[in-house]
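# Working through the structure, step by step
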Amino acid sequence: MCSTHLDARTVTVQGKAMRVYVSGTGPAVIVVTEIPGISPQVARFARWVREGGFTIYMPHLLGDDGGVPTSLNMLTTVARACTSAEFRAFSSNTPGPAPQWLRALAAQAHGECGG
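Quick look at the structure, then. (Residues numbered from 1 in each chain as written. Predicted model: local features only at pLDDT ≥ 70, side-chain atom pairs only at ≥ 80, totals over all residues. Heavy atoms only, no water.)

Right, let's talk about the overall build of the protein for a bit. Counting secondary structure elements, the protein contains four helices and four strands. Going from the N terminus to the C terminus, the protein shows its helices and strands as β-β-β-α-β-α-α-α. Taking all 115 residues of the protein together, the buried fraction comes to 31%. Across the protein, every contact between residues at least 6 apart in sequence was considered, and the portion connecting residues at least 24 apart equals 70%. (Helix = DSSP H or I, 4+ residues; strand = E, 2+ residues; numbered from the N terminus. Buried < 20%, exposed > 50% of the residue type's maximum accessible area, 1.4 Å probe, protein only. Contact = heavy atoms within 4.5 Å.)

Rendered as structure tokens:
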């Protein structure tokens, strides 16, 4: 595998399919991105973790993959997120869909490679 390559795959857990970038060998590490999404800097961090002997799982949760963070795309992503089920769950102090999905992904990743 090329040292810069991250394989995109569709992972379905809890009935919800999402794109997850997976690469490496060794115990699983979930790399969760910030707003606005998977920037080149976050992808570079994931590769560093992979080069440390881990399998990285980096789910696409928000924004556009590969974009460089700018004020405009951060605001656009925040505006979309503010109307999501996550903020409704947060305001009612209940677990939102993203944390539940991430927990299920972590369980699946641990089953696949340990952790």
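Tallied over the full model, the rule gives two salt bridges. Glu-51 is paired through a salt bridge with Arg-50; the nearest N and O atoms lie 3.9 Å apart. Assessed through its relative accessible area of 54%, Glu-51 is described here as exposed. (Salt bridge = Lys/Arg side-chain N within 4 Å of Asp/Glu carboxyl O.)

Let us look at the environment of Met-58. On the secondary structure map, Met-58 appears in strand 4 (residues 55-59). Assessed through its relative accessible area of 0%, Met-58 is described here as buried. Each C-alpha atom of the pair Met-58 and Val-32 lies 6.1 Å from the other, and the pair is 26 residues apart in sequence. Met-58 has contacts with Leu-6, Arg-19, Val-20, Tyr-21, Val-31, Thr-33, Ile-38, Val-42, Ala-43 and Ala-46, leaving out every residue within four places of it along the chain.

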